[in-house]
Amino acid sequence: MDKIRVGCWSLIALIVAQTLSTLLSGDQAELRIVGLVFNAAAALSTFLLLRRPDRNRWPLVAWTAAFFGWHVTGMLTLAGVVTTGLDAVFTVGTDPRLSILYQVVLTTVAAFAVHLLLPRPKGKA
């Protein structure tokens, strides 16, 4: 399996985890709908790239980088490093340690997916 497919499947795992946590959260309905729309758009981009891996993958790299930034923000918010007022959005379950662990794992998955999806320069022949 090539790097693009591994990156796409990593992103699919990230989207599934985010979608489940969004559906199971007790956040406001508007925030859940926005989260589900973003996840659906990223899933569509992933599907299109998996269908034709020779196509432009920059939109998917942008989605993955945005997910990375979102989970870094969540990690920093829950750790108390920054104050965003979004603590309820980033909290998963009732245990704050579980929420931080969730953010760390999804940040790591997103970072690897970005690394795998970034186009590589062609080597010299």
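For the structure, check the block above.
Residues numbered from 1 in each chain as written. Predicted model: local features only at pLDDT ≥ 70, side-chain atom pairs only at ≥ 80, totals over all residues. Heavy atoms only, no water.

This next bit is on the packing of helix 3 (residues 58–79) against helix 5 (residues 96–117). Helix 5 packs onto helix 3 with a crossing angle of 155 degrees between their chain directions and a minimal axis gap of 8 Å. Accordingly, the angle class assigned to the pair helix 3 and helix 5 is roughly antiparallel. The hand of the helix 3/helix 5 crossing is left-handed. Residue-level contacts link Leu60, Val61, Thr64, Ala65, Phe67, Phe68, His71, Val72, Gly74, Met75, Leu78 and Ala79 of helix 3 to Ser99, Ile100, Tyr102, Gln103, Val104, Leu106, Thr107, Ala110, Ala111, Ala113, Val114 and Leu117 of helix 5. A breakdown of the residues in the contact of helix 3 with helix 5 according to their chemical character gives 18 nonpolar, 6 polar and no charged. (Axes fitted to C-alpha atoms, helices over the stretch in contact; angles between N-to-C directions. Helix = DSSP H or I, 4+ residues; strand = E, 2+ residues; numbered from the N terminus. Parallel < 35°, antiparallel > 145°, perpendicular 65-115°, else oblique. Left-handed = near helix turned anticlockwise from the far one by under 90°. Contact = heavy atoms within 4.5 Å. Nonpolar A, V, L, I, M, F, W, Y, C, P; charged D, E, K, R; others polar.)

With that settled, consider helix 5. Its 22 residues give helix 5 an end-to-end C-alpha distance of 31 Å, which sits within 8% of 32 Å, the value for a rise of 1.5 Å per residue. Elements in contact with the buried residues of helix 5: helix 1 (3–24), helix 2 (29–51), helix 3 and helix 4 (87–90). (Expected span 1.5 Å × (residues − 1).)

Nothing here speaks to function; it is geometry throughout.
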